[in-house]
Amino acid sequence: DVSGDKDGSAAPSSGRAGTQFAVSIHGFQGGEEASYWLTDKDDAVFGAQNKLTIPPSGSGTLHLTSNGLYAGRWAITVPGLKSNHESIIYFCINP
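Residues numbered from 1 in each chain as written. Predicted model: local features only at pLDDT ≥ 70, side-chain atom pairs only at ≥ 80, totals over all residues. Heavy atoms only, no water.

Novice: Which residues make up the sheet that holds strand β6 (residues 60–65), and what values go with them?
Specialist: Across the sheet, three strands lie side by side as β1-β3-β6; this open sheet has antiparallel pairing. Pairing within the sheet leaves two strands with one partner each, and these edge strands are β1 (8–11) and β6. Going across the sheet, the axis of each strand differs from the next one's by a mean of 20 degrees, ignoring polarity. As judged from the six bridges shared by strand β3 (residues 20–25) and β6, these two strands associate in the antiparallel manner. Looking at β6, one finds that I25 is bridged to G60. (Pairing = 2+ DSSP bridges. Helix = DSSP H or I, 4+ residues; strand = E, 2+ residues; numbered from the N terminus. Axes fitted to C-alpha atoms, helices over the stretch in contact; angles between N-to-C directions.)

Now the structure itself:
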């Protein structure tokens, strides 16, 4: 189940480990810094120190290759460090 996205989407919404996901996010202030991390189905967090700069439009796309991710529902959370806006996008890794 990949329902529940907030201000974004993943394409494809599911795939096997190794699939490249295009994660679209929106609603941020252009040029602001954001961080991002992954959360698995058991609420374990991975990659809490990753950062990016949001494009001037306030929207962007992250390209996530899912090598090493195990089967289940995952979320990528992207909070804006200035606006406090947060996008949460769900995707699934198939067995």
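Novice: Now, about the side chain of D40: what can you tell me, with residues and values included?
Specialist: If you trace the backbone, D40 turns up in the loop between β4 (33–39) and β5 (45–53). For D40, which is buried and forms no salt bridge, the nearest opposite charge comes from K41, at a distance of 6.8 Å. Discounting residues that sit within four places of it in the chain, D40 has contacts with F46, Y70, R73 and W74. (Buried < 20%, exposed > 50% of the residue type's maximum accessible area, 1.4 Å probe, protein only. Lys, Arg positive; Asp, Glu negative; His and termini not counted. Salt bridge = Lys/Arg side-chain N within 4 Å of Asp/Glu carboxyl O. Contact = heavy atoms within 4.5 Å.)

Novice: How would you summarise the side chain of T39 if you had to cite specific residues and measurements?
Specialist: Relative to the helices and strands, T39 is located in strand β4. On the basis of relative accessibility, which here comes to 15%, the residue T39 falls in the buried class. Those residues in contact with T39 that sit more than four places away from it in its chain are A44, V45, R73, W74 and A75.

Novice: Quick rundown of the nonpolar core? Include the residues and the values.
Specialist: The biggest cluster of nonpolar side chains holds 18 residues, and the ones touching the most others in it are V23, I25, L38, I76, V78 and F91. Broken down by secondary-structure element, the contributors of at least two residues to this core are β3, β4, β6, β7 (72–79) and β8 (86–94). Not counting chain neighbours up to four residues away, the residues in contact with V23 comprise S9, A10, G60, T61, L62, I76 and I89. (Core = buried A, V, L, I, M, F, W, Y, C linked by side-chain atoms within 4.5 Å.)

Novice: Give a detailed account of the environment of D5, specifying residues and quantitative values.
Specialist: Summarising the element assignment, D5 is placed in the segment before β1. Take D5: its relative accessible area is 33%, and that puts it in the partly exposed class. Taking the C-alpha atoms as reference points, D5 and G31, 26 residues apart in sequence, are found 23 Å from one another. Setting aside anything within four residues of it in sequence, one finds D5 in contact with A10, I88, I89 and Y90.

Novice: Can you break down the packing of aromatic side chains residue by residue, with the values?
Specialist: Applying the stated criterion to the full structure yields three aromatic pairs. With centroids separated by 4.8 Å and ring planes inclined at 40 degrees, the aromatic side chains of F21 and F91 adopt a geometry described as tilted. Residue F21 is located in strand β3, and its partner F91 is located in strand β8; the two are separated by 70 residues in the primary sequence. Take F21 and F91: they sit in the same class, and that class is buried. Among the aromatic side chains, those forming a connected cluster through ring pairs are F46, Y70 and W74. (Phe/Tyr/Trp six-rings, centres within 6.5 Å; stacked < 30°, edge-to-face > 60°.)

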